[in-house]
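Each chain, written out:
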Amino acid sequence: MEDLTASDNNGLDYAILESLNTHGEPMGSGTLHYALRKQGSTRSAPTIGRKLRDLEQRGLVAKVSVEGRIRTAAGQKLLKNLQQERQREVSGEKLLKLLKRNGRKDIVNQLQARRLIEGEACALAAEHATAEQIARLEQLVREGRQMVEQGEMGVKQDTDFHDLIAEASGNSVLAAIVVMLRSQAWLNSVIAAIRSKVGTRLVVDHDEVIKAIREKKPKQAREAMERHLSRLISDVDHYWEQVFSHDHR
């Protein structure tokens, strides 16, 4: 009998639920075993059969006919959670590769420049933003929150949010500088991923920024944006302490 670790169990749960999801029809242990072997699995047919019975006892799959089992609503919920977990693992691996190619100092220098420029752009946006632009900013924050709740990083929504504030400033030179500073896609992804790892969220800071712009308070808007970017810098430092030795700093 094969002994499965907790990680193996989660992996097999995911593989079976994902196969049932993709197949769309009831599957028995034999069909599942064949499907998983085609994907490179080395699990034996008896192991797949035992796992199916375990999933059924946990209410994650249900036997509907002699043809086999289908995933239940609980199984679909678990599958979604496992998919998000896998996505975070993949994102984490990509993040480490990016950080090994680009130093902490480079990231912090970019954020310090953005803090200065975007603070001013945000203050001007509090004076000049139109009702339509404010509504769009609010929509981007809602979309960003939804993406985070789904396990995504909301990079596009974050980028669009900052670009729109720069546009709303009414200063085309400032807007061009903001776009230039944020033009490195890898850096935007790294920053969002780091915030996710250390437990903070972009949308929380964005709410404070929008409030100041909506209330047409330039000083508060500048301070909110500067706090936002200072927190990003702090998050980068915090993450570096967690992951890298002093030699990598």
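Being a predicted model, the structure only gives us computed values, none of them experimental.

**Q** Can you walk me through the overall build of the protein in this structure?
**A** Along the backbone of the protein there are 11 helices and two strands. Helices and strands appear in the protein in the N-to-C order α-α-α-β-β-α-α-α-α-α-α-α-α. Counting every position in the protein, which comprises 249 residues, the buried fraction comes to 41%. Long-range contacts, defined as pairs at least 24 residues apart, comprise 73% of the intrachain contacts of the protein with a sequence gap of at least 6. As displayed, the protein has an accessible area near 13,400 Å², and 50% of this comes from carbon and sulfur atoms.

**Q** Explain the environment of lysine 105 to me, please; I cannot follow it from the model alone.
**A** Structurally, lysine 105 can be placed in helix α5 (residues 104-128). Taking the relative accessible area as the measure of exposure, lysine 105 reaches 58% and is therefore exposed. Taking the C-alpha atoms as reference, lysine 105 lies 9.7 Å from aspartate 237; in sequence the two are 132 residues apart.

**Q** I keep staring at the pattern of salt bridges and nothing clicks. Help me out?
**A** Pairing between side chains becomes possible if they bear opposite charge and their charged atoms approach one another. Scanning all chains against the criterion turns up 16 salt bridges. Between arginine 58 and aspartate 54 there is a salt bridge, with its nearest N and O atoms 2.9 Å apart. For aspartate 54, a relative accessible area of 26% puts it in the partly exposed group. Aspartate 207 serves as the salt-bridge partner of arginine 145, at 2.7 Å between the closest nitrogen and oxygen. One end of the pair, arginine 145, is in helix α6 (residues 131-149); the other, aspartate 207, is in helix α10 (residues 202-214), and 62 residues separate them in sequence. Here the salt bridges do not stand alone but share partners, grouping Asp205, Glu208, Arg227 and Arg231 into one network.

**Q** Looking at this structure, how should I read the environment of serine 65?
**A** Checked against the element boundaries, serine 65 lands in strand β1 (residues 61-65). Along the sequence, serine 65 and proline 26 sit 39 residues apart, while their C-alpha atoms lie 7.7 Å from each other.

**Q** How do you make sense of helix α3 (residues 45-57) when you look at a structure like this?
**A** Since the α-helix packs 3.6 residues into each turn, any two residues three or four apart lie on the same face. Across its 13 residues, α3 extends 19 Å between first and last C-alpha, which sits within 8% of the 18 Å expected from 1.5 Å per residue. Residues Thr47, Ile48, Gly49, Lys51, Leu52 and Leu55 constitute the buried set of α3. Looking one or two places after α3, you find glycine 59, whose phi comes out positive at around 75°.

**Q** Would you take a moment to explain the nonpolar core for this structure?
**A** Soluble globular proteins tend to bury their nonpolar side chains together. Ranked by internal contacts, the top residues of the largest apolar core, which has 33 residues, are Ile107, Leu111, Phe161, Ile165, Val209 and Ile213. Among the secondary structure elements, those contributing two or more residues to this core are α5, α6, α7 (155-168), α9 (185-197), α10 and α11 (218-243). Residue contributions to this core peak at nine residues, all from α11. When neighbours within four sequence positions are excluded, phenylalanine 161 is seen to be in contact with Leu137, Leu140, Val141, His206, Val209 and Ile210.

**Q** Even after reading the chapter, I still don't get unusual backbone geometry, so can you show me in this structure?
**A** Among all residues except glycine, the phi angle is most often negative; among peptide bonds, the trans geometry is most common. With phi around 55°, lysine 216 is a residue other than glycine that occupies positive phi space. Along the polypeptide, lysine 216 turns up in the loop between α10 and α11.

**Q** I keep staring at the packing of α5 against α11 and nothing clicks. Help me out?
**A** A pair of packed helices is captured by two measures, namely the crossing angle of their axes and the spacing between those axes. Interhelical geometry of α5 versus α11 gives an angle of 165° and a closest axis separation of 7 Å. If you check the angle between α5 and α11, you find them roughly antiparallel. The handedness of the crossing between α5 and α11 comes out as right-handed.

**Q** Would you explain the confidence of the model for the protein in this entry?
**A** The predicted coordinates ought not to be read in detail in places where the model reports low pLDDT. Averaged over the protein, the pLDDT score is 80; the fraction of residues at 70 or greater is 83%. Looking at the elements of the protein, mean pLDDT is at its lowest for helix α4 (residues 73-101), recorded as 67, and at its highest for α5, recorded as 91. Counted against residues more than four places away or in other chains, residues 1-8, with its pLDDT under 50, gives 10 contacts.

Conventions used here
Throughout, a residue's number is its position along its own chain's written sequence, starting from 1. In view of the model being predicted, local features appear only for residues whose pLDDT reaches at least 70, and side-chain atom pairs are presented and counted only at 80 or more, with totals across whole chains, interfaces and linings using the full set of residues. Note: side-chain values were computed over all heavy atoms of the structure, leaving out hydrogens and water. Only DSSP runs of H or I with at least four residues qualify as helices, and only runs of E with at least two residues qualify as strands; both kinds are numbered from the N terminus onward. Categorising residues by exposure relies on relative accessible area from a 1.4 Å probe, with only protein chains included: less than 20% of the type maximum marks a residue as buried, more than 50% marks it as exposed, and the intermediate range marks it as partly exposed. In this analysis, two residues are considered to be in contact whenever any of their non-hydrogen atoms come within 4.5 Å of each other. All accessible areas in this document rest on Shrake-Rupley with a 1.4 Å probe, and a residue is counted as covered only by the protein chains that are shown. Only one rule defines a salt bridge in this text: a Lys or Arg side-chain nitrogen within 4 Å of an Asp or Glu carboxyl oxygen. In this analysis, the expected span of each helix is defined as 1.5 Å times one less than the number of residues it contains. Among buried residues, the Ala, Val, Leu, Ile, Met, Phe, Trp, Tyr and Cys ones that are joined through side-chain atoms within 4.5 Å form a nonpolar core. Inter-axis angles, ranging from 0 to 180 degrees, are taken between N-to-C directions of lines fitted to C-alpha atoms, where helices are fitted over the stretch in contact. Under this scheme an angle from 65 to 115 degrees is roughly perpendicular, one under 35 degrees roughly parallel, and one over 145 degrees roughly antiparallel; angles in between are oblique. Here a crossing is called left-handed whenever its near helix is offset anticlockwise from the far helix by less than a right angle, and right-handed whenever the offset is clockwise. Looking at any residue, its pLDDT shows the predictor's confidence there, from 0 to 100.

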